[in-house]
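Single-letter residue listing:
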Amino acid sequence: MANRSEEAEYENDSRRNHQDKKKEGVLDLVLKRPLRWLRMLVEELHWSFFFGVIVVYGVSQGLGKGLSKVSTQYYFKDEQKIQPSQAQIYVGLIQIPWIIKPLWGLLTDVVPVWGYRRRPYFVFAGVLAMISMMVLWLHTNLHLALALSCLVAGSAGVAIADVTIDACVTQCSISHPTLAADMQSLCGLSSSIGSLVGFSLSGLLVHLVGSKGVYGLLGVTAGLLVVVGMVLKESPSRSLGRKHVNEKFLDAGSAIWKTFQYGEVWRPCLFMLLSAAVSLHIHEGMFYWYTDAKDGPSFSKEAVGSIMSFGAIGSLVGILLYQNFLKNFPFRNVVFWALSLSVLSGFLDLILVLRLNLKLGVPDYFFIVVDEFVSHMISRIKWLPLLVLSSKLCPAGMEGTFFALLMSIEHVGHLMSSWGGGVLLHALKVTRTQFDNLWLVIVIRSLLRVIPIGLVFLIPNVDSNSTILPAEMLTNRRSEGVDTEKIEMTALISDEA
């Protein structure tokens with residue numbers, strides 16, 4: 001009996017120890033490991049860089065995207081009272097400042113303001129975004145053309161801040177190549193968390209203060225970009241004369257042309273353009289259907305915001321999956337499987353619009369939440385390796401310009417996708433009240449997603465630890481007769497920081 005009692009007590013102790021170890025493992029995965037990761041990034045990089053990433057990606061882009069997307073959809077639908085095909089076109093117009101990102105990047109690289117190449121551009125971006133949002137908030141019965149101008153100007157403020165912080169991230173990716181994937185994960189993590197908060201609050205805020213009131217809140221958050229410009233660590237340098245500035249522009253053009261001559265550079269750029277262009281966006285058509293009382297589920301503002309918040313959660317999960325399990329796999333393999341899953345997830349909208357989910361006993365809200373979660377998770381997994389790859393294609397001294405150029409190529413594809421979706425909605429007569437052909441729009445959109453799968457051979461079959469450009473393009477060189485400090489991009493993050 002005594003032996004049995006001792007054996008039982010030993011088994012209980014072993015079981016408790018095993019449970020304690022499992023709890024410690026979960027705690028380490030959920031809390032301790034992320035905190036160690038963040039601390040490592042702060043120690044390796046300067047805290048002001050870390051703060052800039054959080055503000056630009058987390059607040060300006062993440063939170064701002066969550067709040068502005070829902071408010072703009074309701075602003076077009078309820079205030080301007082336009083058709084879904086028109087709204088899809090106008091959403092594309094708002095993204096034009098992102099297409100000319102190379103211009104912002106070139107300015108930050110070669111045109112210092114008061115001796116700084118980064119800080120003044122953050123300040124300007126914040127002021128521009130604040131003024132634009134305040135006009136939308138305070139002006140009543142704003143004409144559509146003026147409203148679009150303000151939305152484009154606000155988008156330009158966010159784009160300028162984005163390209164400025166992108167230059168910092170890209171330079172750090174070159175100086176700290178082993179942290180390239182970590183920095184992109186930090187950017188994506190900040191953006192996803194900010195989007196989650198923004199989308200979670202967006203519907204409630206639109207309901208409480210209206211779409212215009214949300215623009216007023218966005219004007220306040222834009223002020224944080226000014227703070228980034230004030231605290232950012234950057235060593236001042238003397239301003240260049242007009243002659244030297246012109247030389248820098250010519251050097252930039254030459255460096256860009258030389259870099260694009262490498263097949264490892266132009267091929268993935270072509271992939272990003274084509275894959276984005278053929279993946280048609282029909283978000284506005286789906287939004288009008290979501291909120292329609294006759295044919296659609298007739299979701300409230302709060303429901304729409306909460307649905308999109310699950311999309312942000314999906315993006316966050318996609319980042320965590322890539323960071324913990326996929327970042328060391330070749331870029332081509334990750335993108336191929338993500339694209340394959342994207343084709344399948346596209347048909348979830350078809351099940352919803354045909355109301356097959358109700359025949360299966362699945363409520364609309366639950367089905368749409370799953371759809372948003374899955375599609376955003378897959379999209380983020382597909383996008384992250386392309387971001388890491390893009391950061392490795394930038395020649396030293398032109399990080400901001402070239403990375404912005406690569407991203408603008410992607411945005412040109414998204415513009416074509418948005419306008420293509422608007423044309424498709426108009427051609428098939430999907431309006432504010434007619435959704436009979438929406439199912440056909442979804443089928444065409446989903447089938448077009450197959451095309452990029454056949455183009456993945458354009459992506460280099462390398463991973464995030466590989467160096468793609470030749471060594472001479474990854475180091476700044478002294479130009480003949482010109483002081484190096486005058487022509488090199490000022491380092492934001494010193495090695496000692």
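None of these values were measured; they are calculated from a predicted model. (Residues numbered from 1 in each chain as written. Predicted model: local features only at pLDDT ≥ 70, side-chain atom pairs only at ≥ 80, totals over all residues. Heavy atoms only, no water.)

**Focus on the overall build of the chain**
In terms of helices and strands, the chain carries 20 helices and zero strands. Within the chain, the proportion of its 497 residues that are buried is 53%. Here the chain has roughly 22,500 Å² of accessible surface; of this, 64% comes from carbon and sulfur atoms. (Helix = DSSP H or I, 4+ residues; strand = E, 2+ residues; numbered from the N terminus. Buried < 20%, exposed > 50% of the residue type's maximum accessible area, 1.4 Å probe, protein only. Areas by Shrake-Rupley, 256 points an atom, 1.4 Å probe, with all protein chains shown as cover.)

**Structural notes on a nonpolar patch on the surface**
A contiguous nonpolar patch, built from Val 42, Trp 47, Leu 224, Val 227, Met 230 and Val 231 and spanning about 500 Å² of accessible area, is present on the exposed surface. With four residues, the single largest contributor to the nonpolar patch is helix 9 (residues 223–231). (Patch = residues over 30% accessible without salt bridge, like charges linked within 9 Å, V, L, I, M, F, W, Y side chains within 5 Å. Salt bridge = Lys/Arg side-chain N within 4 Å of Asp/Glu carboxyl O.)

**Observations regarding the pattern of salt bridges**
Should their charged atoms come close, side chains of opposite charge can pair. Here the structure, examined in full by the defined rule, presents three salt bridges. In this structure, Asp 364 and Arg 355 form a salt bridge, with 2.6 Å as the shortest nitrogen-oxygen distance.

**A word on the nonpolar core**
One finds Phe 49, Val 53, Phe 271, Phe 402 and Leu 406 to be the most contacted residues of the largest nonpolar core, which totals 62 residues. If one sorts the elements of this core by residue count, helix 7 (residues 144–175) sits on top with nine residues. The contacts of Phe 271, once residues within four sequence positions are left out, are Val 335, Leu 339, Leu 386, Pro 452, Leu 455, Val 456, Leu 458 and Ile 459. In this structure, Ala 87, Ala 147, Phe 199 and Leu 352 belong to the second largest nonpolar core, which totals 53 residues. (Core = buried A, V, L, I, M, F, W, Y, C linked by side-chain atoms within 4.5 Å. Contact = heavy atoms within 4.5 Å.)

**Observations concerning the environment of Pro 330**
Tracing the chain through its elements places Pro 330 in the loop between helix 13 (301–326) and helix 14 (331–346). Sequence spacing of Pro 330 and Ser 466 is 136 residues, and the spatial spacing of their C-alpha atoms is 9.6 Å. Other than its neighbours up to four places away in sequence, Pro 330 contacts Asn 461, Val 462 and Asp 463.

**Some words on unusual backbone geometry**
Positioned with a positive phi, Lys 81 is a non-glycine residue whose angle comes to about 55°. Counting through the fold element by element, Lys 81 comes out in the loop between helix 2 (47–79) and helix 3 (84–94). Judged by its relative accessible area of 58%, Lys 81 is exposed. Positive phi is not limited to glycine here, since Lys 429 has a value of about 60°. With respect to the helices and strands, Lys 429 occurs in the loop between helix 18 (399–427) and helix 19 (438–448). On the basis of relative accessibility, which here comes to 62%, the residue Lys 429 falls in the exposed class.

**Some remarks on helix 2**
For an α-helix, 3.6 residues make a turn, and residues three or four places apart therefore share a direction. Its axis deflected by about 40° at Lys 65, helix 2 carries its strongest bend there. Taken across its 33 residues, helix 2 has 25 buried, putting it largely inside the fold. Of the residues trailing helix 2, Lys 81 is marked for its positive phi of about 55°. (Bend = angle between axes of the 7 residues up to and from the residue.)

**A closer look at the packing of helix 6 (residues 119–138) against helix 8 (residues 180–221)**
The N-to-C vectors of helix 6 and helix 8 enclose an angle of 160°; their axes lie 8 Å apart at closest approach. With respect to helix 8, the element helix 6 is oriented roughly antiparallel. Handedness of the crossing formed by helix 6 with helix 8: left-handed. The residues of helix 8 that touch helix 6, namely those facing Met 130, Met 133, Met 134, Leu 136 and Trp 137, are Lys 212, Gly 213, Tyr 215, Gly 216, Leu 218, Gly 219 and Val 220. (Axes fitted to C-alpha atoms, helices over the stretch in contact; angles between N-to-C directions. Parallel < 35°, antiparallel > 145°, perpendicular 65-115°, else oblique. Left-handed = near helix turned anticlockwise from the far one by under 90°.)

**Some remarks on helix 5 (residues 101–110)**
Counting buried residues along helix 5, eight of its ten residues qualify, which places the element largely inside the surrounding structure. Every buried residue of helix 5 is accounted for by Lys 101, Pro 102, Trp 104, Gly 105, Leu 106, Thr 108, Asp 109 and Val 110.

**Focus: the environment of Thr 170**
Along the polypeptide, Thr 170 turns up in helix 7. Taking the C-alpha atoms as reference points, Thr 170 and Cys 394, 224 residues apart in sequence, are found 7.6 Å from one another.

**Examining the packing of aromatic side chains**
Summed over the entire model, instances satisfying the criterion amount to nine aromatic pairs. With a centroid separation of 6.3 Å and an interplanar angle of 50°, the aromatic rings of Tyr 75 and Phe 76 are classed as tilted. The exposure class of Tyr 75 is buried, given its relative accessible area of 3%. Positioned above the aromatic ring of Trp 266, the side-chain terminus of Arg 267 is 5.6 Å from the ring centre. (Phe/Tyr/Trp six-rings, centres within 6.5 Å; stacked < 30°, edge-to-face > 60°. Lys NZ or Arg CZ within 6 Å of the ring centre and 35° of its normal.)

**Looking at the side chain of Ser 390**
Here Ser 390 is to be found in helix 17 (residues 364–391). The class of Ser 390 is buried, set by a relative accessible area of 1%. A polar contact of 2.8 Å, which involves the side chain of Ser 390, links it to the backbone oxygen of Leu 386. Here Ser 390 is in contact with Met 272, Phe 403, Leu 406 and Met 407, once residues within four sequence places are set aside. (Polar contact = N/O pair within 3.5 Å; in protein donor to acceptor, adjacent residues only side chain to side chain.)

**Comments concerning the side chain of Gln 73**
Position of Gln 73 relative to the elements: it lies in helix 2. A relative accessible area of 4% means that Gln 73 is categorised as buried. Apart from residues no more than four positions distant in its own chain, Gln 73 is found in contact with His 283, Glu 284, Phe 287 and Met 308.

**Observations regarding the packing of helix 5 against helix 7**
With their axes 9 Å apart at the nearest point, helix 5 and helix 7 run at an angle of 55° to one another. Taken together, the axes of helix 5 and helix 7 are oblique relative to one another. Considering the relative orientation of helix 5 and helix 7, their crossing is right-handed. Contacts between helix 5 and helix 7 pair Lys 101, Trp 104, Gly 105 and Thr 108 from the former with Ala 159, Ile 160, Asp 162, Val 163, Thr 164 and Asp 166 from the latter.

**Describing the environment of Ser 191**
For Ser 191, the location among the structural elements is in helix 8. Sequence separation between Ser 191 and Tyr 57 is 134 residues, and the spatial gap between their C-alpha atoms is 4.8 Å. Ignoring any residue separated from it by four or fewer positions in sequence, one finds Ser 191 in contact with Tyr 57, Gly 58, Gly 62 and Arg 380.

Remember, this is a structural readout, not a statement about activity or role.
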